[in-house]
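Chain by chain, the residues run as shown.
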Amino acid sequence: MNNPLRNLALLGSSLTSLLMILIGGMLPSAILGLSENFSFHIVDLPSSWQIPALLLSGMVYGPSSGIIAVFAYLTIGLFYLPVFHGGGSIGYIATPDFGYLVGFIPAVWITGRIVQTAKRKTLLALFISAVCGLTIIHSIGIINIIFGSLVSRWQQGVVELLLTYSISTFPIQILLCPAIVLIAKSLRNIQLLE
């Protein structure tokens, strides 16, 4: 049976997820660092909040809303606006980045399903879901890079591409996972999802 209120809630959470991903792509990431004189300072990271926002949307709004948001995001980036890190357009399919974007689809689904099926939404369960989602994104991106290198799709070598797209970014994105978990836990409590 079709429930209009449930459909409206799904639409609202999907739009919120899409906005989180779009805005996250525009926000640079940073962490607090400790200097020699034991004072804190901000350390800029060579990453945005796009992937953390994607994982956050799966953890907070669930797999269905996340999938709808990711398909909308990919459609906007491939056919309408340059919202991806390196721009956009249908030509983006031929870039090494595209494998990571394709990884958004299963990543948001798995992240949301892990949280959805966890008996207790503990910080550890949320952290595990974030790391699983991040690992999925990078795994699919790496597969795309290896396959593209085997068929000579790019000028750079496979090692250079892996260094640029995964080896240098994965640890940074792992550093952002505790922040994602705390934000997700707070949002889930505010929305009374626990």
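Residues numbered from 1 in each chain as written. Predicted model: local features only at pLDDT ≥ 70, side-chain atom pairs only at ≥ 80, totals over all residues. Heavy atoms only, no water.

Asks: Report on the nonpolar core, specifying residues and quantitative values.
Replies: One recurring pattern in soluble globular proteins: nonpolar side chains tend to sit buried together. Ranked by size, the top nonpolar core spans 38 residues in total, and within it Leu54, Leu55, Met59, Tyr73, Leu101 and Phe104 carry the most contacts. At the level of secondary structure, the elements contributing two or more residues to this core comprise α1 (4-24), α2 (50-61), α3 (63-79), α4 (98-117), α5 (123-150), α6 (158-167) and α7 (170-190). Other than its neighbours up to four places away in sequence, methionine 59 contacts Thr111, Val115, Leu126, Ser129, Ala130, Ile180, Ala184 and Arg188. (Core = buried A, V, L, I, M, F, W, Y, C linked by side-chain atoms within 4.5 Å. Buried < 20%, exposed > 50% of the residue type's maximum accessible area, 1.4 Å probe, protein only. Helix = DSSP H or I, 4+ residues; strand = E, 2+ residues; numbered from the N terminus. Contact = heavy atoms within 4.5 Å.)

Asks: Can you explain the packing of aromatic side chains? Please cite residues and give values.
Replies: The geometry of an aromatic ring pair is captured by two quantities: the separation of the ring centres and the angle between the planes. Inspection of every chain in the model, using the stated rule, returns four aromatic pairs. Both rings, one in tyrosine 73 and one in phenylalanine 84, keep their centres 5.4 Å apart while their planes meet at 65 degrees; by these two values the pair is edge-to-face. With tyrosine 73 in helix α3 and phenylalanine 84 in the loop between α3 and α4, this residue pair connects regions lying eleven residues apart in the sequence. This pair shows no difference in class: tyrosine 73 is buried, exactly as phenylalanine 84 is. (Phe/Tyr/Trp six-rings, centres within 6.5 Å; stacked < 30°, edge-to-face > 60°.)

Asks: Describe the layout of surface pockets, listing the residues and the values that go with them.
Replies: Within this model, the largest pocket holds a volume of roughly 560 Å³. Lining of the largest pocket is provided by 21 residues; of these, Gln50, Ile51, His85, Asp97 and Gln173 occupy positions nearest its centre. Every element with two or more residues in the lining of the largest pocket is listed here: β2 (40-48), α2, α4 and α6. Per-class residue counts for the lining of the largest pocket are eleven nonpolar, nine polar and one charged. When its volume is computed, the second largest pocket comes out at roughly 460 Å³. Lining the second largest pocket we find 20 residues, and of these Ser13, Tyr61, Gly62, Ser65 and Gln116 sit closest to its centre. When contributions to the lining of the second largest pocket are tallied by element, the ones reaching two or more residues are α1, α2, α3 and α4. (1 Å grid on protein atoms, 1.4 Å probe; cavity = no way out; pocket = protein on both sides within 12 Å on 5 of 7 lines; lining within 4 Å. Points joined across faces, edges and corners; volume = space filled by probe spheres on them. Nonpolar A, V, L, I, M, F, W, Y, C, P; charged D, E, K, R; others polar.)

Asks: I'd love a proper account of α7, names of residues and values included.
Replies: The first and last C-alpha atoms of α7 sit 30 Å apart over 21 residues, in line with the 30 Å expected at 1.5 Å per residue. Remark: the principal bend of α7, roughly 30 degrees, maps to leucine 176, with a proline, proline 178, within the next four residues. All of the buried residues in α7 are Ile172, Gln173, Leu176, Cys177, Ile180, Val181, Ala184 and Arg188. The inward-facing, buried residues of α7 abut β1 (28-34), β2, α2, α4 and α5. (Expected span 1.5 Å × (residues − 1). Bend = angle between axes of the 7 residues up to and from the residue.)

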